[in-house]
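Chain by chain, the residues:
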Amino acid sequence: MEQLVVFIEFLSIVINTLWLIFVLSKFFKGFRDSVLVIIPIFYIFFTLPLILDHTIGPPSYYKYPGFLVASKDYTTRIIYSIYIVYIPFILYKYGTVRKSVNNVNYDINANSIKFILYIFLFLPILLILFSPNPLIYLNYAAVTKGLLNLEEREFHYYVSLFSMMSILAYIILIFIKRGRIFSYSIILLPFIIIDIWVYGKRFIVATFIVLLVFVLWKKGILKGFRIIIIGIMSSVLIFLYSSIYQDTVRDYESYSFEEKYTHFRIDYGRDAVTKLTIFSELNPDKIKILNFRGESFLFDLTFFVPRDIWPEKPYPYAQYVTSAVFFSEPKLWGWGFTTSIFEEMIANFSWFGMILAPFSIALICRISDSFNNGLISIFGILIATLLMVLHLAPYITIFMLWVFTIIIFKFKRNKVKKSQSCFHIKNTDGVAKLE
């Protein structure tokens, strides 16, 4: 049985690597579909862990019993391998639009939007000044180090949210900037440094680098082999930053290689949480993640309701997964394992979730590219990436902003089409009368 599982995992690695090569060939040809960014990110978080399993070896999950049990189950490993082969096919098949998206459309009223973007860029600084304890933010990663009390942690939610919004504002400003952008980007860079400092997690650094590379690619600045070189350099930069972060913020210097490797795999892989969810579907008597189907999505729909008013309000999905890892009843841990939409859909909709999850990501990419508008694409790539590496709760406001932006642009496009249609009818009537 072990040999069969290894063969299927190896076959999964080969097929997904071929997908990666195919996507890179599209880069060289100048295609700019959003899904071409999503598939390599998916490869890093879901296929690369399989490669590491068969090169360095599987992680030691002895401190995480749920991960340990799931990672050793043959059926779970087979289903996972088949699932991650199916996902890139769906992403590419249904995530690309029929028409070309090679050209960047600057259909953005820069004069009216720049002022709002500058406000978002500056807003985290303003929030820090009005926070319960502004001096606490002199410490890097204060929230991760556990330096904030309950009141400060509650306020920090808004600081972290608008730090991410500030990053997005910077990216959009770079995108709509005409001409040379180097000096302009350097002038605005201090705001990003502040965002990274107060947010205090590695995720914001990775998000910023990915979005910046995406914008440079979308604007046509990065082409051909240049995008590959910059992509490799960016990956190395993220990895180095993560290593320094682990040693300074989490004091990993005293950890053994085995412990560092296990934490690295949990941080930068989504295979463990996905296998855990698959195992729970196969063995509901051993591991149960949610109390009922749709429970974590119910939290997303009612995130604005205070828990004081609704004590039985569901938890964010990461809290259910963290509880399942330790064979515990669902509860708020104050921290949680990182998850993705690919296993959250399974937990909420059983095996049907395997179909819903990749189609959801593909739909986001397809909708974003259908407008052939850079601003929509930036939002789309951000939302799709976040869904693949995090549960929805931390960035639900950004997701709602994306939906709102889609509605606005859809309304604007329909209005233009209606005007053009009326103009065509009037011209037709005029020709008829002349005849």
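Reference entry: report on the structure contained in this document. From a predicted model like this one, the values you see are computed outputs, not experimental measurements.

Looking at the overall build of the chain
- Scanning the chain for helices and strands turns up 17 helices and zero strands.
- Judged by the C-alpha coordinates and their principal axes, the chain covers about 85 × 55 × 50 Å.
- Buried positions account for 49% of the 435 residues belonging to the chain.
- Put simply, of all contacts in the chain between residues at least 6 apart along the chain, 75% involve residues at least 24 apart.
- Here the chain has roughly 21600 Å² of accessible surface; of this, 68% comes from carbon and sulfur atoms.
- The averaged location of the 29 negative side-chain charges in the chain is 13 Å from the averaged location of its 41 positive side-chain charges.

Some remarks on the side chain of Ser280
- Mapped onto the secondary structure, Ser280 falls in helix H11 (residues 271-282).
- Ignoring sequence-local partners within four residues, the contact set of Ser280 consists of Ile287 and Ile289.

Considering the packing of helix H6 (residues 150-176) against helix H8 (residues 202-218)
- As a packed pair, H6 and H8 sit with axes 10 Å apart at the nearest point and diverge in direction by 15°. Here H6 is positioned roughly parallel relative to H8, judged by the angle of their axes. As H6 packs across H8, the resulting crossing turns out to be right-handed. For the pair H6 and H8, contact is made by Ser163, Met164, Ile167, Tyr170, Ile171, Ile174 and Phe175 and by Phe203, Ile204, Thr207, Phe208, Leu211, Leu212, Val215 and Lys218, respectively.
- Residue composition of the contact of H6 with H8, grouped by class: 12 nonpolar, two polar and one charged.

Focus: the nonpolar core
- With 84 residues, the main nonpolar core has Phe342 and Ile361 as its most contacted residues.
- Looking at which element gives the most residues to this core, the answer is H6, with 13 residues.
- Excluding residues that lie within four positions of it along the chain, Ile361 makes contacts with Ile38, Leu91, Ile341, Phe342, Ala384, Leu387 and Met388.

Re the pattern of salt bridges
- All chains considered together, the criterion is met by seven salt bridges.
- One salt bridge connects Arg265 with Asp271, and the closest N-O pair in it is separated by 2.9 Å.
- Arg265 gets classed as buried once you look at its relative accessible area, which sits at 2%.
- Judged by relative accessible area, Asp271 falls into the buried class, the value being 3%.
- In this structure, Glu281 and Arg293 form a salt bridge, with 2.8 Å as the shortest nitrogen-oxygen distance. In this pair, Glu281 is assigned in helix H11 and Arg293 in the loop between H11 and helix H12 (295-301), connecting sequence segments 12 residues apart.
- Look at Glu281 and you get buried, because its relative accessible area is 16%.
- In this structure, a network of salt bridges that share partners links the residues Glu2, Glu9 and Arg77.

About the thresholds
Residues numbered from 1 in each chain as written. Predicted model: local features only at pLDDT ≥ 70, side-chain atom pairs only at ≥ 80, totals over all residues. Heavy atoms only, no water. Helix = DSSP H or I, 4+ residues; strand = E, 2+ residues; numbered from the N terminus. Buried < 20%, exposed > 50% of the residue type's maximum accessible area, 1.4 Å probe, protein only. Contact = heavy atoms within 4.5 Å. Areas by Shrake-Rupley, 256 points an atom, 1.4 Å probe, with all protein chains shown as cover. Lys, Arg positive; Asp, Glu negative; His and termini not counted. Charge placed at Lys NZ, Arg CZ, Asp CG, Glu CD. Axes fitted to C-alpha atoms, helices over the stretch in contact; angles between N-to-C directions. Parallel < 35°, antiparallel > 145°, perpendicular 65-115°, else oblique. Left-handed = near helix turned anticlockwise from the far one by under 90°. Nonpolar A, V, L, I, M, F, W, Y, C, P; charged D, E, K, R; others polar. Core = buried A, V, L, I, M, F, W, Y, C linked by side-chain atoms within 4.5 Å. Salt bridge = Lys/Arg side-chain N within 4 Å of Asp/Glu carboxyl O.

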